[in-house]
2 protein chains.
Amino acid sequence: MPIYKAPLEDVRFVLDEIVGLDKLSALPGYEDATPELVGQVLEEGAKLCEEVLFPLNQSGDGEGCHFENGEVRTPKGFKEAYSTYIEAGWQGLACDPAYGGQGLPKLVNIMLEEFICSANLSFGMYPGLSLGAYNALAMYGSDELKQRFLPKLVDGTWSGTMCLTEPHCGTDLGIIRTKAVPAEEGDPQGGYKITGTKIFISAGEHDLTENILHLVLARLPDAPAGTRGISLFLVPKFMPNADGTPGARNGVACGSIEHKMGIKASSTCVMNFEDATGWLVGEPHKGMRAMFVMMNAARLAVGIQGLGLAEVSYQNAVNYARERLQGRSLSGVKAPDKPADPIIVHPDVRKNLLTARAFTEGARALGALTAYHLDVAEKHADARTRRDADEFVQLMTPIVKALFTDIGFDSANIAVQVHGGHGFIWETGVEQYVRDARICQIYEGTNGIQALDLVGRKLPQDMGRLLRHFFHPVGRDIEAAMEKDELGEFVMPLAKAFAKLQQATALIAQKGLKDPEEAGAAASDYLRLFGLVALGWSWLTMVEKAQANLAAGEGNAAFYEAKIKTARFYMTKLLPQTNSLFITIAAGAKPLMDLEEAAF
Amino acid sequence: MPIYKAPLEDVRFVLDEIVGLDKLSALPGYEDATPELVGQVLEEGAKLCEEVLFPLNQSGDGEGCHFENGEVRTPKGFKEAYSTYIEAGWQGLACDPAYGGQGLPKLVNIMLEEFICSANLSFGMYPGLSLGAYNALAMYGSDELKQRFLPKLVDGTWSGTMCLTEPHCGTDLGIIRTKAVPAEEGDPQGGYKITGTKIFISAGEHDLTENILHLVLARLPDAPAGTRGISLFLVPKFMPNADGTPGARNGVACGSIEHKMGIKASSTCVMNFEDATGWLVGEPHKGMRAMFVMMNAARLAVGIQGLGLAEVSYQNAVNYARERLQGRSLSGVKAPDKPADPIIVHPDVRKNLLTARAFTEGARALGALTAYHLDVAEKHADARTRRDADEFVQLMTPIVKALFTDIGFDSANIAVQVHGGHGFIWETGVEQYVRDARICQIYEGTNGIQALDLVGRKLPQDMGRLLRHFFHPVGRDIEAAMEKDELGEFVMPLAKAFAKLQQATALIAQKGLKDPEEAGAAASDYLRLFGLVALGWSWLTMVEKAQANLAAGEGNAAFYEAKIKTARFYMTKLLPQTNSLFITIAAGAKPLMDLEEAAF
């Protein structure tokens, strides 16, 4: 049986000492987000995740969703858990109080999302999709649509979806075929009639809420070709009555659900729209802009899914490594009263555990920093500061999505490997994390697409201005750390890796100008190199805090000592991957492009 | 729907030009293994795998094995396929003609095993386990046991198992509890009575054969503690009658089967032995020696499973990348008549495909070379040559097992990634390869255990003599290649990587002497470094042959050109991982051992 405890101590460390909760509550509108309140919220959230959501994770995987007569039944206990979730107001935690939300910072919500994804990723998909729909509607919906629908999304009685993908197109949304035509004159509902088929629609149909709001990409009759001709529509499952209750069924139905490798308790639906009534969200043909609001938030959220799975995988790996007795320590018997030593004594097992740990804790710090910038971008009084923060988020989004989901998958595999043969058995519970984590590397844009977004869009944007929001603080922090003897062993490897990143950036910028395939060929390796340096930066910051606290005799010394040792592991055993990445980046596109298609 | 075609052209290239079939048929006893005969056998084997085994792979995964009243039902079609398999004599392909086998080289059989594992890994488990039992019995069984049981294993009417693992021990067999006591005087069957519980027994119970022969590790009453007190017993499911038919049921029964992540059509059984009659195989307390015969053969076989899954994954990834239209080439539209270009035009997709390809083809060449040495070790007229070949196999076994299974898993994941969201769907068929491949990194000794075997046993053995069987030829080949201008771009990166391997070896040998944890800490990275150099060596050999054939105007020019381009990809994009590996090896054990157990 798998275990899970929310990592409250580490989250508090990150919030209090790495990001600085005081800075957060200094933002206009977040005055109430005091360290005390945030602490209480996180503790309550931890309880919910440990006691309500986590116990349904494995049973949900075993049972899966069931489809019958157009309806989807979620696994046993999901309905009750969802009620508990929305009744306590979790859905509206970071939503606008104008629509019933609690108006807490996004950072707090994202920390909670980590817990949810650790506890039960499939469950988390339902509220997660609703929040995505809320964000798009809140930003681009008309006042009428917002008044009518946002309170339902905030209280969680209705849920949301994102309907992008079609059978023939996922990444390339420019070729979607779903159509929208203006409703006939005199149609009491007004709006548009939507017709088409969408696939891979998470939470497209389920039994958790009384209504479902689909945000659907479609083409208007006069739409230009490509992504510049896509519009966004809000299409409810049931047409809302004047009193806000769900009314008549709309022309949208679930055709089937997918049999998937993982997240089996999350319904993945084929959605058929046939003359379904929908209302335009935002301007005609500008749907991609609104969709990107959803998508960028969703990409960060998927990165956090990876983090959540990495954390729970790590916990289970450690737990087993402490319990399982097998073989003797290479440096002499450690548990003479037992038939064998616990496998945590073996260097290779420790290497596995520390890999998961160092990536997970580094990702948590980097994820929190990114989420903090989301809040600054929305709330800060100064426009320039808001813009800078937004650009930092834009830059980090593909990195958080791709790097963290790779970390989630790798950590899940580490948990399986540490369990040996038992890891392959369903009842043990860790192979589910591998299957669940696998989708995170794919949806919301595959990790390869994230890499292209980084090199093709974020890197050249505004003459490299986005990049400077990362390069400048990292460079400054490295320089400052160089002055401190006690940071030497940590900052030296980071300085080397950072130099490689700068060189690689210059190389790609220069070669990519002449030949975009050069940038494309380097993309994945570059994102990884960037991500490793970003985590190294997080670790440098954490080490500095830990050392300062130890010197001052403040806080939990064992916690800070573990931080320092984990940082040492990261710098000496993981960060050096940057060396090989730089070499393969420098090798260029030719070795990839030379082989004729027919010769594959 | 997944696809599979046996890679006959590449196998022929490896056999004819890398290993040299002429050398094989020059071995005493293999005179009949002419290139023509081997070619026919492989073509027939390819047909069997493509037409009989492959069509049952996905249905077998969907249906799984069923357990009821102590019996196991394999999925629909497996019984018929197994009959086809044994009736055509495939089970005895490489077995001794004295017991009804065809006496073909092990190399040929291993090439066939690759096809089987590509087509249907779960199916392949049943004959694979039988062959393991055959090998142990043929080497250590008494003449009586051999006469009585080997013909049944060779004709496939009976099958075999390896019963090692118990609930509390897998890697650490020294602590097994299963007991064997001499049968009472006057017991007509003689032998011993075995009592205990074994878990994770592949093919422990099934409906494919009329009898099952379990090879069971157990302790005799007077056994010394640890692995020096383990004996090996042959325990049949049904006691054989005098006429060779299965008779009365023995005291062994399947208690349950496991629900697993993958290889669902392979039964994984809990086997309960209660006063089961068994006969000693080999000497008392020397069971580990015989078990190692099975295990070493099984480790190579598991490596080949990884290769097989890598091949079929690659094929499906390429197939989809050619068909799927999405986005446009970065260097301009490639398919103007279509709404989008096939995704194989994108550099990052190509990087994925070429990674799978370069690893797969390199592994095939290295695997074949290792298998060839198996044959030399058994058949060569000269004792010293036999010993040297055996030592080469010993050295390469952990590398083939761990490296190839990592390649299998990574390639399966590449296939999923290239398929995008469709890869996550069961019906597409590629996520099964990920789930199936996952066990290969675990069973027959986890890949971490393989690494320890390499650094702890194979590296120091006979003052490094095993190592020299690899280092000398590689060094010679690199030196010779340095003389040829046309090999320069390939041999230079290999020479660098080889130098790193030599340095790392010296480092580990030196540090490991003082502190065995230093060797343990380096083990996994060292195995990977070693494996990457070994594949680089294979690629250098392949490039040389391809260039020579092109220069001579012989053979399929497109095939040889693709070899050269794939080699270039390997040397510039994969082999450089050795740089980071060397750095992390040199960082030593301290970063792994410093963190106290309680702090994890």
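Before reading further, recall that the structure is shown in the block above.
Quick summary incoming for the structure in this document. Remember, predicted model here, so these are calculated numbers, not experimental data.

1. Points about the packing of aromatic side chains
Any pair of aromatic rings gets described here by the distance separating the centres and the angle formed by the planes.
Residue and element names in this part refer to chain A.
Next, step 1: Counted according to the given criterion, the structure contains 37 aromatic pairs over all chains.
Next, step 2: Judged by centre distance (5.9 Å) and plane angle (35°), the ring pair of Phe149 and Trp279 falls under tilted. Taken together, the residues Phe149 in helix H7 (residues 143-155) and Trp279 in strand S11 (residues 268-281) connect sequence positions 130 residues apart. There is no split in this pair, since Phe149 and Trp279 are both buried.
Next, step 3: For the ring pair Phe471 and Phe530, a centre distance of 6.1 Å and an interplane angle of 40° mean the geometry is tilted. On the criterion of sequence distance, the pair formed by Phe471 in helix H13 (residues 465-482) and Phe530 in helix H15 (residues 516-552) is long-range, its members being 59 residues apart. Taken as a pair, Phe471 and Phe530 share a single burial class, namely buried.
Next, step 4: These aromatic residues form a ring-pair network of at least three members: Phe470, Phe471, Phe498, Tyr526, Phe530 and Trp537.
Next, step 5: Between the NZ or CZ atom of Arg438 and the centre of the ring of Phe409, over which it lies, the distance is 5.3 Å.

2. Notes on the packing of helix H9 (residues 347-379) of chain A against helix H16 (residues 557-574) of chain A
All names here are of chain A.
Next, step 1: Packing of H9 against H16 leaves a shortest axis separation of 9 Å and a crossing angle of 105°. With respect to H16, the element H9 is oriented roughly perpendicular. Facing Lys351, Leu354, Thr355, Arg357, Ala358, Phe359 and Glu361 of H9, the residues of H16 in contact are Ala562, Lys563, Thr566, Phe569, Tyr570 and Leu574.
Next, step 2: A per-class count over the contact of H9 with H16 returns 7 nonpolar, 2 polar and 4 charged.

3. Here we look at the relation of the copies chain A and chain B
Next, step 1: Each copy of the sequence occupies a distinct position, and chain A is placed on chain B by a rotation of 180° and an axial shift of 0.0 Å, giving an RMSD of 0.0 Å. Here the two chains are linked by the operation of a two-fold rotation axis. No C-alpha of chain A approaches the rotation axis more nearly than that of Ser580 of chain A, which lies at 2.8 Å.
Next, step 2: Residue by residue, 100% of the interface of chain A is reproduced at the interface of chain B, so both copies engage with the same surface.

4. Overview of unusual backbone geometry
All names here are of chain A.
Next, step 1: Positive phi values are uncommon outside glycine, yet Phe200 reaches one of about 60°.
Next, step 2: Along the chain, Phe200 falls in strand S5 (residues 192-202).
Next, step 3: Positive phi, normally seen in glycine, also occurs at His285, with a value near 70°.
Next, step 4: Inspection of the secondary structure assignment puts His285 in the loop between S11 and helix H8 (287-323).

5. Description of the environment of Gly287 of chain A
Residues and elements named next belong to chain A.
Next, step 1: Mapped onto the elements, Gly287 comes out in helix H8.
Next, step 2: Along the primary structure Gly287 and Asn135 are separated by 152 residues, whereas in three dimensions their C-alpha atoms are 14 Å apart.
Next, step 3: When residues no more than four places from it in sequence are discounted, the contact partners of Gly287 are Leu217, Ile230, Ser231 and Leu232.

6. Here we look at the environment of Glu431 of chain B
Next, step 1: Within the fold, Glu431 of chain B resides in helix H11 (residues 431-440).
Next, step 2: For Glu431 of chain B, the contacting residues outside a window of four places in its chain are Met261 of chain A together with Val416, Gly423, Phe424, Ile425 and Trp426 of chain B.
Next, step 3: At 2.8 Å, the side chain of Glu431 of chain B forms a polar contact with the side chain of Arg435 of chain B.

7. Details of the environment of Ala509 of chain A
Next, step 1: Tracing the chain through its elements places Ala509 of chain A in helix H14 (residues 488-514).
Next, step 2: The spacing of Ala509 of chain A and Asn120 of chain A is 389 residues in sequence and 41 Å in space, taken between C-alpha atoms.

8. Description of helix H5 (residues 78-87) of chain B
Residue and element names in this part refer to chain B.
Next, step 1: Looking at H5, one finds that the buried residues are Phe78, Ala81, Tyr82, Tyr85 and Ile86. Along the axis of H5, the buried residues cluster in a sector spanning 130°; they form a single face. Opposite the packed face of H5, turned more than 90 degrees from it, sit the exposed residues Glu80 and Glu87.
Next, step 2: Buried residues belonging to H5 abut helix H3 (35-53), helix H4 (57-63), helix H6 (106-140), helix H7 (143-155) and strand S3 (158-163).

9. Some remarks on helix H16 (residues 557-574) of chain B
All names here are of chain B.
Next, step 1: For H16, built from 18 residues, the straight-helix expectation of 26 Å at 1.5 Å per residue is met to within 8% by its first-to-last C-alpha distance of 25 Å.
Next, step 2: Here H16 lies mainly inside the structure; 14 of its 18 residues are buried.
Next, step 3: At the N-terminal end of H16, a side-chain oxygen is found 3.1 Å from the backbone nitrogen of Ala558, two or three residues along, and the residue is Asn556.

10. Concerning the nonpolar core
Next, step 1: In this structure, Phe470 and Tyr526 of chain A together with Phe470 and Tyr526 of chain B are the most contacted members of the largest nonpolar core, which totals 428 residues.
Next, step 2: Contacts of Phe470 of chain B, omitting those with residues within four sequence positions, involve Phe392, Leu395, Met396, Leu501, Phe530, Val533, Ala534 and Trp537 of chain B.

11. Considering the pairing of strand S7 (residues 231-236) of chain B
Looking along a regular strand, one sees the side chains alternate between the two faces of the sheet.
Residues and elements named next belong to chain B.
Next, step 1: The buried fraction of S7 is high, at 6 of 6 residues.
Next, step 2: Here S7 shows two buried faces, one formed by Ser231, Phe233 and Val235 and the other by Leu232, Leu234 and Pro236.
Next, step 3: The pairing of strand S6 (residues 211-218) with S7 spans 6 bridges and is classified as antiparallel. Residue pairing for S7: Val216 is matched across the bridge by Phe233.
Next, step 4: Across 3 bridges, S7 lies against strand S11 (residues 268-281) in antiparallel orientation. Following the sheet pairing, Leu234 is matched in S11 by Trp279.

Rules used throughout
Residues numbered from 1 in each chain as written. Chains lettered and ligands numbered in written order. Predicted model: local features only at pLDDT ≥ 70, side-chain atom pairs only at ≥ 80, totals over all residues. Heavy atoms only, no water. Phe/Tyr/Trp six-rings, centres within 6.5 Å; stacked < 30°, edge-to-face > 60°. Helix = DSSP H or I, 4+ residues; strand = E, 2+ residues; numbered from the N terminus. Buried < 20%, exposed > 50% of the residue type's maximum accessible area, 1.4 Å probe, protein only. Lys NZ or Arg CZ within 6 Å of the ring centre and 35° of its normal. Axes fitted to C-alpha atoms, helices over the stretch in contact; angles between N-to-C directions. Parallel < 35°, antiparallel > 145°, perpendicular 65-115°, else oblique. Contact = heavy atoms within 4.5 Å. Nonpolar A, V, L, I, M, F, W, Y, C, P; charged D, E, K, R; others polar. Least-squares fit on C-alpha atoms with pLDDT ≥ 70 in both. Polar contact = N/O pair within 3.5 Å; in protein donor to acceptor, adjacent residues only side chain to side chain. Arc of directions from axis to C-beta. Expected span 1.5 Å × (residues − 1). Core = buried A, V, L, I, M, F, W, Y, C linked by side-chain atoms within 4.5 Å. Pairing = 2+ DSSP bridges.

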